[in-house]
Amino acid sequence: MEKITSFILPAVTAGIIIFGFAKGIKVFDCFAAGVKKGLSSAIGLLPPLMGLVLGVTMLRQSGALEVITNMLRPLAQISGIPVDVLPLAVLSPISGSGSLTMFEQILKNFGPDSFEGRVASIIMGSTETTFYAVTVYYGSVGIKKTGITVPAALLADMTCFVVSAMSAGLFNS
Amino acid sequence: MLNYIWAGMVIFSVISAAFGGNGEVISSAIISSASDAVTLCIRLGGTICLWGGLMEIAEASGLTGAVCRLLSPFLKIVFPKMDMKSKTAKAISMNVTANLLGLGNAATPLGLEAMKRLQEENGKKDRASADMMKFVVMNSAAFHLIPTTVAALRQDYGCKTPFDIMPASWISSAAALLVGLTAAVILIKISESVKWKK
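By convention here, each chain's residues receive numbers from 1 onward along its written sequence. Chains carry letters from A onward and ligands carry numbers from 1 onward, assigned in written order. The predicted nature of this model means local features are confined to residues of pLDDT at least 70 and side-chain atom pairs, given and counted, to a pLDDT of 80 or more, with totals for whole chains, interfaces and linings taken over all residues. The side-chain quantities take in all heavy atoms of the structure and omit both hydrogens and water.

Colleague: Outline the interface of chain B and chain A, supporting the account with residue identities and numerical values.
Modeller: We call two residues in contact whenever any of their non-hydrogen atoms come within 4.5 Å of each other. Between chain B and chain A, the contact holds 96 residues from the first and 93 residues from the second. We define buried area as the total accessible area lost by two parts upon association, computed with a 1.4 Å probe and summed across both. At the boundary of chain B with chain A, total buried surface from both sides reaches about 8,000 Å², with 78% on carbon and sulfur atoms. Among the residues chain B hides against chain A, the three largest losses belong to B:Ile57, B:Ser140 and B:Tyr157. Together they make up 8% of the total. What makes a salt bridge here is a side-chain nitrogen of Lys or Arg within 4 Å of a carboxyl oxygen of Asp or Glu, nothing more. Counting the contacts that link chain B with chain A gives 4 salt bridges. Two residues, B:Asp126 and A:Lys145, come together in a salt bridge whose shortest N-O distance is 3.6 Å. Polar contacts, as used here, are pairs of N or O atoms within 3.5 Å; protein pairs need one atom able to donate a hydrogen and one able to accept it. Residues neighboring in sequence count only if both atoms are side-chain atoms. The interface formed by chain B and chain A includes 19 residue pairs in polar contact (both at pLDDT 80 or more). Mapped by element, the contributors of at least two residues to the side of chain B that touches chain A are α1 (2-20), α2 (23-61), α5 (104-121), α6 (130-140), α7 (148-156) and α8 (166-197) of chain B. Each helix corresponds to a stretch of at least 4 residues labelled H or I by DSSP, and each strand to a stretch of at least 2 residues labelled E; elements are numbered beginning at the N terminus. The element contributing the most residues to the side of chain B that touches chain A is α2(B), with 26 residues. All residues other than Ala, Val, Leu, Ile, Met, Phe, Trp, Tyr, Cys, Pro, Asp, Glu, Lys and Arg, Gly among them, are scored as polar; the first ten of these are nonpolar and the last four charged. Grouping the amino acids of the side of chain B that touches chain A by side-chain chemistry returns 62 nonpolar, 26 polar and 8 charged.

Put into structure tokens, the structure is as follows:
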């Protein structure tokens with residue numbers, strides 16, 4: 001299984017090119033044309049990314065996350081999320097690289113097969129960085145009014161945390 | 001919404017830093033965030049170009065159309081009004097496929113392509129359409145069949161069965177997706193009826 005997963009990306013890449021080649025498409029010319037289209041959209045992403053990175057870095061370095069985690073501690077106890085996994089839950093909608101570091105710390109401190117390690121693994125396997133998706137996706141097309149996206153997405157994140165804590169106990173071998 | 005959240009993040013950070021005595025740390029964080037954002041943009045730009053190229057081939061060969069037909073029963077539930085032969089539906093199905101395979105790097109560029117198509121159909125250019133909201137919620141609760149990165153890290157830290165979290169992870173992904181999309185549909189209905197009364 002471990003070996004198979006490391007071949008997903010190469011297999012997809014080769015599969016697309018082989019399929020195109022078999023259909024008689026000039027694969028290299030076609031690839032270059034697609035890259036050219038992508039080039040222009042990349043620059044447009046800098047403004048939303050600059051804002052997002054500034055806000056997230058400030059939150060992480062200022063100690064604000066610890067304050068938020070402490071405030072949410074009673075809620076975690078009710079919902080069954082281990083207190084030591086709570087910082088990961090707070091960080092995961094905000095910062096992808098930050099939650100990866102936090103995840104590694106939990107694995108190191110508690111071990112991957114501990115309850116904390118399992119809940120953290122399940123959370124990491126089933127969420128994406130919500131604010132990154134919202135800023136980059138909307139920023140790329142110039143949408144300013146995001147409507148109900150953020151509340152609905154955060155509700156999905158919270159569901160994920162609670163269900164992760166529940167299902168970690170359920171499948172404990 | 002984002003204006004409030006962003007301002008709130010910055011203000012809350014500065015207050016926390018003032019109370020915690022983290023003034024110098026946060027000063028250097030502000031400066032380094034600028035170059036971090038540029039690095040991130042270049043890295044993202046690279047993957048956008050790479051997948052833009054690969055998708056051009058997949059599109060021309062009819063591969064995206066085939067994947068879209070495969071996923072259309074599911075997409076029909078989330079986007080009932082969408083034409084399943086349109087470029088929008090194709091772009092969305094490629095993004096979903098990348099998420100399912102756990103190819104996070106590919107999911108963003110493919111998702112951005114879908115957003116571009118959705119924006120072309122959108123009547124009000126500065127306001128997110130209902131389909132856009134559902135699509136972004138779908139991506140923030142992305143369903144991974146194979147959590148590649150997580151399994152690799154579990155193995156690094158000495159786990160012998162790194163993939164044993166998969167069933168639990170499917171359950172929590174599915175629950176998050178279901179709650180997120182249901183909430184989105186209900187909230188969209190409510191906000192539309194409020195606007196209509198005004």
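Colleague: Any chance you could break down the nonpolar core for me, citing the residues and the numbers?
Modeller: Ranked by internal contacts, the top residues of the largest apolar core, which has 99 residues, are A:Tyr138, B:Ile92, B:Met115, B:Phe135 and B:Met138. Domain limits in this description derive from either an automatic procedure or a database domain assignment. Composition of this core by domain shows at least three residues from each of domain 1 (1-41) and domain 2 (44-170) of chain A. Not counting the four nearest positions on each side in its chain, B:Phe135 is found in contact with A:Tyr137, B:Phe79, B:Ile92, B:Asn95, B:Gly111, B:Ala114, B:Met115 and B:Leu118. Among buried residues, the Ala, Val, Leu, Ile, Met, Phe, Trp, Tyr and Cys ones that are joined through side-chain atoms within 4.5 Å form a nonpolar core. Only protein chains enter the calculation, and the probe is 1.4 Å; a residue is then buried if its accessible area is under 20% of its type maximum, exposed if over 50%, and partly exposed in between.

Colleague: With reference to specific residues and values, describe the pattern of salt bridges.
Modeller: Taken as a whole, this structure holds 9 salt bridges over all chains when the rule is applied. Measuring nitrogen to oxygen at the nearest pair gives 3.2 Å for the salt bridge that ties A:Arg118 to B:Asp164. A residue pair is termed interchain when its members come from two chains, as with A:Arg118 in helix α8 (residues 115-126) and B:Asp164 in the loop between α7 and α8. When its relative accessible area of 22% is taken as the criterion, B:Asp164 is described as partly exposed. The partner of B:Lys134 in a salt bridge is B:Asp131, with the nearest N and O atoms 3.8 Å apart. Residue B:Lys134 and its partner B:Asp131 are located together in helix α6, separated by 3 residues, close to a single helical turn. Using a relative accessible area of 22% as the deciding quantity, one classes B:Asp131 as partly exposed. Residues joined in a network through salt bridges with shared partners are A:Asp113, A:Arg118, B:Arg154 and B:Asp164.

Colleague: Hey, could you go over helix α5 (residues 64-79) of chain A for me, with residue numbers and the actual values?
Modeller: A helix's residues, less one, multiplied by 1.5 Å, set its expected span. Across its 16 residues, α5(A) extends 23 Å between first and last C-alpha, which sits within 8% of the 22 Å expected from 1.5 Å per residue. To get the bend at a residue, fit one axis to the 7 residues ending there and another to the 7 starting there, then take the angle between the axes. The sharpest bend along α5(A) measures roughly 45° and falls at A:Arg73, with the proline A:Pro74 sitting one to four residues further on. Looking at α5(A), one finds that the buried residues are A:Ala64, A:Leu65, A:Thr69 and A:Ala76. Packing partners of the buried residues in α5(A) comprise α4 (46-62) and α6 (86-91) of chain A together with α1 of chain B.

Colleague: Explain the environment of A:Gly96 residue by residue, including any values.
Modeller: With respect to the secondary-structure elements, A:Gly96 resides in helix α7 (residues 96-110). As a C-alpha pair, A:Gly96 and A:Ala42 span 54 residues in sequence and 19 Å in three-dimensional space.

Colleague: Quick rundown of the packing of α7(A) against α7(B)? Include the residues and the values.
Modeller: Throughout, an axis means a line fitted to C-alpha atoms (over the contacting stretch in the case of helices), and angles, computed between N-to-C directions, take values from 0 to 180 degrees. In the contact formed by α7(A) and α7(B), the axes pass within 10 Å of each other and the chain directions differ by 35°. Regarding α7(A) and α7(B), the two cross each other, and that crossing is right-handed. Contacts between α7(A) and α7(B) pair A:Leu100, A:Phe103, A:Glu104 and A:Leu107 from the former with B:Thr149, B:Val150, B:Leu153 and B:Arg154 from the latter. In terms of residue class, the contact of α7(A) with α7(B) is made up of 5 nonpolar, 1 polar and 2 charged. A clockwise turn of the near helix away from the far one marks a right-handed crossing, whereas an anticlockwise turn of less than a right angle marks a left-handed crossing.

Colleague: Describe the confidence of the model for chain A, and please don't skip the residues or the numbers.
Modeller: Overall, the predicted model of chain A reaches an average pLDDT of 89, with 95% of residues at or above 70. Mean pLDDT across the secondary structure elements of chain A bottoms out at helix α1 (residues 2-5) of chain A, with 63, and peaks at α8(A), with 93. As a per-residue measure, pLDDT tells how confident the predictor is, with possible values from 0 to 100.

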